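# Breakdown of the fold
The residues making up each chain are set out below.
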Amino acid sequence: MSVDEQQVSYPGARRPDRHREVISSGIALHVCEWGDADARPLLLAHGGFDFTGTFDVFAPMLADAGWRVVSWDQRGHGDSERAALYTWDSDVRDAAAVLDSIGPDPVPFIGHSKGGALVLHLANALPHRVSTMVNLDGLPSREAMSDVSDTERTRLLHQQLTSWLDHRRSLVGRRRRPGTIDELAERRGRMNPRMSLEWLRYLVTVGATCDEDGWRWKIDPTMRMGGFGPWRPEWSMLRLPGIGVPFLGVLGLEIEVMGWGTRPDDVVPNLPPGGRLEALSGVGHFVHIEQPRRVADLVLEHLDATAAGALR
Amino acid sequence: MSEVTYLRHNLVELALHRLRGADPAAGESRPLLLLHGLGERTPDVVPGVVDWPGPVHGLDFTGHGSSTLPVGGGYSAEILVGDVDAALAVLGPVTLMARGLGAYIALLAAAARPELVRGAVLADGPGLVGGGVHPGSPTLPYPPASPPGPPDPFALAELSRDPRPADYAQTFVRFVLEGSDLELPLWVAAVVRPEWLAAVAAEPGIGEGSIEDGLAHYLDVT
C-alpha cells in the first residue's frame, strides 16, 4: 500500500456514527449523524464547496455534549448525488427534505457560510420547525466588488459571463483532475489559505476518492466559483431581522477568499430582538475549523440557554 | 415535418428543431432561432407571424418539449442561457425571435454573445414577468402537483418566481449595446412590460414595435 492509500488521521476528527440516505425530489442525499440516535436532534448545514467531512472535529464536540447532530452533503457535494441543475431553490428543498427526515418537532438550525444562509431561508419559510439558530460566518452583506468603478465592474461582469458560458460548453465528459493527497491538499489550500496542511490532507481522505490514476475531489466538476445571477448579498441579510427564535451569529474577522468580508456593523442593525453576535478577531471564515472548541462552546452555551428558556 | 438534432449541454440533451430550410429564391440568409416561453415547446410549423426567408430553427429549453427532463429541478434563467449558447455553437450567427421567458433568456444570450446574436425580437409569452424585482417572502419552492411533464413542473415552479431586477437587466442591455455593431440590437415587441423589460426598452438604441417590423428590420441587417 502506498502512502497515498493510507488513511490520514487528524487530532480530534471522528467520522459520523451513522449514515443514511434521503431522497429529495429524486436526488439521493447523503445524510450523516454524530451522537446517540436517541439524543436531541439538531440540523447542521455546510457551506458551498464543502461537505459533511469538514465537520469531523466540530460535530463530535456537539455530539459529546448530548446532541444528535444531523448533517448532509448538499447535492453535487461529498457523497450526495450529482444533479443536472443546481440552484438556491433546489438546495432549500433538499435542506427541507433532510429536516423532514428528522421529524416534525422544531430543532436547532446551525449553518456555516452558504449553509448559514440556507437555514436562514428555511427558518423564514418554516418558522414552526426551528427552535433556535446559530449562524457561523454565513451572513452575506455587501457586493464583493463594491470598491471597483462602474466601468471596471461592467468589464469584469462581462468576463464572468463569457467565461461561465465557455465553462458550460466544456462540461461534457469532464472529470476532476487527479492528483496525490498532497496535490489535492495544496489545491484546496488556495481556497482555504488559513487551514493547516495536516487538516487539508485529512480532508482529501474524506472528501475525495482514490482512483487508479490518483485522488479526485468528489464535488461535481460542473460546479465553479464565479457564476452570474441576479442575487444580491443584502437579500440574505434581510432574512435575519424577522427571525423569531433565539439567534447567535459568529463572525470571523480575518478577511479571506471564501468569506464575505461582513463586519459587525453590517450585522448588528439586523439582529433580531435578543439576538447575539460574537465577532472573533484573528479568526477567518472557517470559524468552526480554526477554533472548534471555542466555537462549539459558544454554540452549546446558546443551545443550553435556549433549552433553559433563558433566551426569548 | 421538422428535423431534430440533439445538442449536449452538460448532462442534458437539447432538441434543436429545423422547422424550415432556406427559401432557395432568397439566396443565402441568416437563420432565425425561435425561443419558446415557459412551459411551451418549439411549434410544429413556423408561426404565421414569422416572415423570414432564411432557415428557421427552434430550441426546446431544458425540461421542455423533446429536450431532457432532468431529475430534481434546480432551474435558473442563467442555465437556460447555456442552452441557447449550445445552439449558437452549432448554428453560428442567428437572429432570435423569443417569447416570454425566452425573451429574458434572449437578452442574456445577446449580452454574452453579441457577435452571434444578430438582433433579438422580445415578444409576449408565458414566463415573461418572472418573480418581480425582489425575491418574495422565502418559501419552499415545491412544484405544482401536475403530470411529470414535459414541461418539467419544477421549471414551471422555479422560473415563474426568479427575481429579475431592473438594474440587472440594464447591465445586460449595456453589454449588448457595447458588444454589438447593430444599430438596434434588441427589439421590444412585447405589450406587457414587467420592470426588467421596461428598463430594457428605456435604454437608447433599443427598437420597439411589432414582431413583423422587428423581423423586417433584422432582415436588412447583414
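Now for a description of the structure that goes with this document. (Residues numbered from 1 in each chain as written. Chains lettered and ligands numbered in written order. Predicted model: local features only at pLDDT ≥ 70, side-chain atom pairs only at ≥ 80, totals over all residues. Heavy atoms only, no water.)

### Details of the interface of chain B and chain A
Let me state the cut-off plainly: Here, two residues are considered to be in contact whenever any of their heavy atoms come within 4.5 Å of each other. The term buried area denotes the loss of accessible surface (1.4 Å probe radius) that occurs when two parts are joined, taken as the sum for both partners. For this analysis, a salt bridge means a side-chain nitrogen from Lys or Arg found within 4 Å of a carboxyl oxygen belonging to Asp or Glu. Throughout this description, a polar contact denotes any pair of N or O atoms lying within 3.5 Å of each other; where both atoms belong to protein, one of them has to be capable of donating a hydrogen while the other can accept it, and for residues adjacent in sequence the pair is counted only when both atoms sit in side chains. Secondary structure elements follow DSSP: runs of H or I no shorter than four residues count as helices, runs of E no shorter than two count as strands, and numbering proceeds from the N terminus. As a working rule, the residues Ala, Val, Leu, Ile, Met, Phe, Trp, Tyr, Cys and Pro are called nonpolar, Asp, Glu, Lys and Arg charged, and the rest polar, with Gly in that last group.
Each side of the interface is counted separately: chain B has 44 residues, and chain A has 39 residues. In total, about 3500 Å² of surface goes out of reach between chain B and chain A, with carbon and sulfur atoms giving 65% of it. It is B:Asn10, B:Pro138 and B:Phe175 that lose the most area in chain B upon contact with chain A, and together they represent 18% of the buried surface on that side. The tally of links between chain B and chain A comes to five salt bridges. Across the pair B:Asp85 and A:Arg169 runs a salt bridge whose closest N-O atoms are separated by 2.7 Å. Here chain B is connected to chain A by twelve residue pairs in polar contact (both at pLDDT 80 or more). When residues of the side of chain B that touches chain A are traced back to their parent elements, those giving at least two are strand E1 (3–9), helix H1 (77–91), helix H2 (101–112), helix H3 (153–158) and helix H4 (166–179) of chain B. The element contributing the most residues to the side of chain B that touches chain A is H1(B), with seven residues. Residue composition of the side of chain B that touches chain A, by class: 25 nonpolar, eleven polar and eight charged.

### Focus on the pairing of strand E3 (residues 32–35) of chain B
Residue and element names in this part refer to chain B. Condition: For the exposure calls, accessible area comes from a 1.4 Å probe over protein chains only, and a residue counts as buried if that area is under 20% of its type's maximum, exposed if over 50%, partly exposed in between. A pair of strands is considered paired only if DSSP assigns at least 2 bridges between the two.
Of the two faces of E3, the one lined by Leu32 and Leu34 and the one lined by Leu33 and Leu35 are each fully buried. Where E3 lies against strand E4 (residues 56–59), four bridges are found, and the strand directions are parallel. Bridging from a neighbouring strand, Leu33 pairs with His57 of E4. Two strands pair when backbone bridges link them, and E3 and strand E5 (residues 94–99) are joined in this way by four bridges, in the parallel orientation. Across the sheet, residue Leu35 finds its bridge partner in E5, namely Ala98.

### Quick notes on the environment of B:Asp213
Among the structural elements, B:Asp213 can be located in helix H6 (residues 211–219). Along the chain, B:Asp213 and B:Ala189 lie 24 residues apart, while their C-alpha atoms are 8.9 Å from each other.

### Side note on the packing of aromatic side chains
All names here are of chain A. Here is the rule we go by: Only centres within 6.5 Å qualify two rings of Phe, Tyr or Trp (six-membered ring in Trp) as a pair; their planes then separate them into stacked at under 30 degrees, edge-to-face at over 60, and tilted for everything else. For a lysine, the NZ atom is tested; for an arginine, the CZ atom; a charge sits over a ring if that atom is within 6 Å of the ring centre and within 35 degrees of the ring normal.
Tallying each qualifying case throughout the model produces nine aromatic pairs over all chains. Note on Tyr10 and Trp199: the rings are 5.0 Å apart at their centroids and 70 degrees apart in plane angle, and the pair reads as edge-to-face. Placement of the pair is Tyr10 in the segment before strand E1 (18–24) and Trp199 in helix H6 (residues 197–207), with a sequence separation of 189 residues. A ring pair is formed by Phe51 and Trp217, whose centres lie 6.3 Å apart and whose planes are at 45 degrees; its orientation type is tilted. Placement of Phe51 in the loop between strand E3 (40–45) and helix H1 (58–63) and of Trp217 in strand E8 (residues 214–217) is noted, with a sequence separation of 166 residues between them. Take Phe51 and Trp217: they sit in the same class, and that class is buried. Counting every residue linked through ring pairs, the aromatic cluster contains Tyr10, Trp199 and Tyr202. Above the plane of the ring of Trp217 lies Arg188, whose end atom (NZ or CZ) is 5.2 Å from the centre.

### Looking at the pairing of strand E2 (residues 12–20) of chain B
Residue and element names in this part refer to chain B. Note: E1 against E2, seven bridges, orientation antiparallel. What sits directly across from Leu7, in E2, is Leu14. The antiparallel hairpin formed by E1 and E2 contains two residues in its connecting segment, where Asn10 sits at a positive phi of about 55 degrees. Bridge count between E2 and E4: four bridges; the pairing is antiparallel. Directly across from Arg18, in E4, lies its bridge partner His57.

### Points about a nonpolar patch on the surface
All names here are of chain B. Condition: Excluding any residue in a salt bridge, patches collect residues exceeding 30% relative accessible area, merging like charges within 9 Å and nonpolar Val, Leu, Ile, Met, Phe, Trp and Tyr side chains within 5 Å. Note that accessible areas follow from Shrake-Rupley with a 1.4 Å probe, and for residues the cover is restricted to the protein chains shown.
The grouping of Val129, Val191 and Val192 at the surface amounts to a nonpolar patch, some 270 Å² of accessible area in total. Following the sequence through the fold, Val191 ends up in the loop between strand E7 (186–188) and helix H5 (195–202). Residue Val191 is classed as exposed on the basis of its relative accessible area, which comes to 70%.

### Here's the deal with the sheet that holds strand E8 (residues 206–208) of chain B
Residues and elements named next belong to chain B. To keep things clear, this is the line we draw: Every axis in this analysis is a line fitted to C-alpha atoms, fitted for helices over the stretch in contact. Angles between the N-to-C directions lie between 0 and 180 degrees.
One open sheet holds the eight strands; their spatial order is E1-E2-E4-E3-E5-E6-E7-E8, and the pairing between them is mixed. The outermost strands of the open sheet, each flanked by one partner alone, are E1 and E8. The sheet shows a mean angle of 25 degrees between the axes of neighbouring strands, direction not considered. Against the sheet, H1 contacts E1, E2, E3, E4, E5 and strand E6 (117–123), and its axis sits at roughly 120 degrees relative to E1. Against the sheet, H6 engages E3, E5, E6 and E7, with an angle of about 175 degrees to E6.

### With respect to the packing of helix H4 (residues 150–169) of chain A against H2(B)
Note the following rule: Any angle that is under 35 degrees is reported as roughly parallel, and any over 145 degrees as roughly antiparallel; angles of 65 to 115 degrees are reported as roughly perpendicular and all others as oblique.
Relative to each other, H4(A) and H2(B) sit at 100 degrees, their axes nearing to 9 Å. On the basis of their axis angle, the class for H4(A) and H2(B) is roughly perpendicular. Residues A:His158, A:Leu161, A:Thr162 and A:Leu165 of H4(A) lie in contact with H2(B), whose contacting residues are B:Leu108, B:Ala111 and B:Ala112. Grouping the amino acids of the contact of H4(A) with H2(B) by side-chain chemistry returns five nonpolar, two polar and no charged.

### Regarding the nonpolar core
Rules: In this text, buried Ala, Val, Leu, Ile, Met, Phe, Trp, Tyr and Cys residues form a nonpolar core when linked through side-chain atoms within 4.5 Å.
Membership of the largest hydrophobic core comes to 61 residues, with the highest contact counts inside it found for B:Leu33, B:Leu35, B:Leu107, B:Phe172, B:Leu186, B:Trp196 and B:Val200. Residues contacting B:Trp196, with those up to four places away along its chain left out, are B:Ala103, B:Tyr104, B:Leu107, B:Leu128, B:Val129, B:Arg164, B:Pro165, B:Ala166 and B:Ala169. In terms of nonpolar packing, the next biggest core, distinct from the first, is built from 48 residues, A:Ile219, A:Leu248, A:Val299 and A:Leu300 among them.

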